[in-house]
Amino acid sequence: MSISVQALDGIHGRSVVGMRVGLEKHEDGVWSVVAKAKTDGTGGIGAWDTQHLTRGLYRIVFDSDYYFVGLGLSAPYPEINVLFRIRDDLDAYRIQVLISPYSYSIFCGSQD
């Protein structure tokens, strides 16, 4: 089981470096934090501890507010949530976001 994450800045045409990102799992009506990290120099996160992930509903929360405030900008959306379901222990996911202050685009796919 693996999850690959990447954030790209659509205004400046570069990777989003230092964005706070959380991985959460939904169980019994509550979201619980599984892992937290910041994007690296490529806008990615390669250090998720995914050894303990089981089947279920997950979400990745990108803290866009933190990123834009650091640039001296503001956005009407404080975070980006990407929901996905793990169906099998062998699943591998690639999740990318392309952000700007007034819009974002998400790609969520499996890596086969």
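Please refer to the structure higher up on the page.
Model, not experiment: these values are computed from the prediction.

Novice: Where do I start with the side chain of Ser-64 in this structure?
Specialist: Within the secondary structure, Ser-64 is located in helix α1 (residues 64-70). Excluding its chain neighbours within four sequence positions, the residues that come into contact with Ser-64 are Met-19, Tyr-77, Pro-78, Glu-79 and Ile-80.

Novice: Is there a simple way to explain the nonpolar core in this structure?
Specialist: The biggest cluster of nonpolar side chains holds 26 residues, and the ones touching the most others in it are Ile-3, Met-19, Leu-23, Ile-60, Phe-62, Phe-84 and Ile-99. Only β1 (2-9), β3 (20-27), β6 (56-62), α1, β7 (80-86) and β8 (92-100) provide two or more residues apiece to this core. Residues in contact with Leu-23, not counting those within four places in the same chain, are Ile-3, Ser-32, Val-33, Val-34, Ala-35, Trp-48, Leu-53, Tyr-58, Arg-59, Ile-60 and Phe-84.

Novice: Could you clarify how one ought to interpret a nonpolar patch on the surface in this entry?
Specialist: Together, Ile-11, Leu-71 and Leu-73 line one region of the surface with nonpolar side chains, adding up to about 220 Å² of accessible area. For Leu-71, a relative accessible area of 32% puts it in the partly exposed group.

Novice: Honestly, the packing of aromatic side chains in this entry has me stumped. Any pointers?
Specialist: What characterises a pair of aromatic rings is the spacing of the ring centres plus the angle enclosed by the ring planes. Counted under the stated rule, the structure contains 5 aromatic pairs. Among the aromatic residues, those joined into a cluster by ring pairs are Tyr-67, Phe-68, Tyr-77 and Tyr-104. Here the basic side chain of Arg-20 rests over the ring of Tyr-66, its NZ or CZ set 3.8 Å away from the ring centre.

Cut-off values and rules
Residues numbered from 1 in each chain as written. Predicted model: local features only at pLDDT ≥ 70, side-chain atom pairs only at ≥ 80, totals over all residues. Heavy atoms only, no water. Helix = DSSP H or I, 4+ residues; strand = E, 2+ residues; numbered from the N terminus. Contact = heavy atoms within 4.5 Å. Core = buried A, V, L, I, M, F, W, Y, C linked by side-chain atoms within 4.5 Å. Buried < 20%, exposed > 50% of the residue type's maximum accessible area, 1.4 Å probe, protein only. Patch = residues over 30% accessible without salt bridge, like charges linked within 9 Å, V, L, I, M, F, W, Y side chains within 5 Å. Areas by Shrake-Rupley, 256 points an atom, 1.4 Å probe, with all protein chains shown as cover. Salt bridge = Lys/Arg side-chain N within 4 Å of Asp/Glu carboxyl O. Phe/Tyr/Trp six-rings, centres within 6.5 Å; stacked < 30°, edge-to-face > 60°. Lys NZ or Arg CZ within 6 Å of the ring centre and 35° of its normal.

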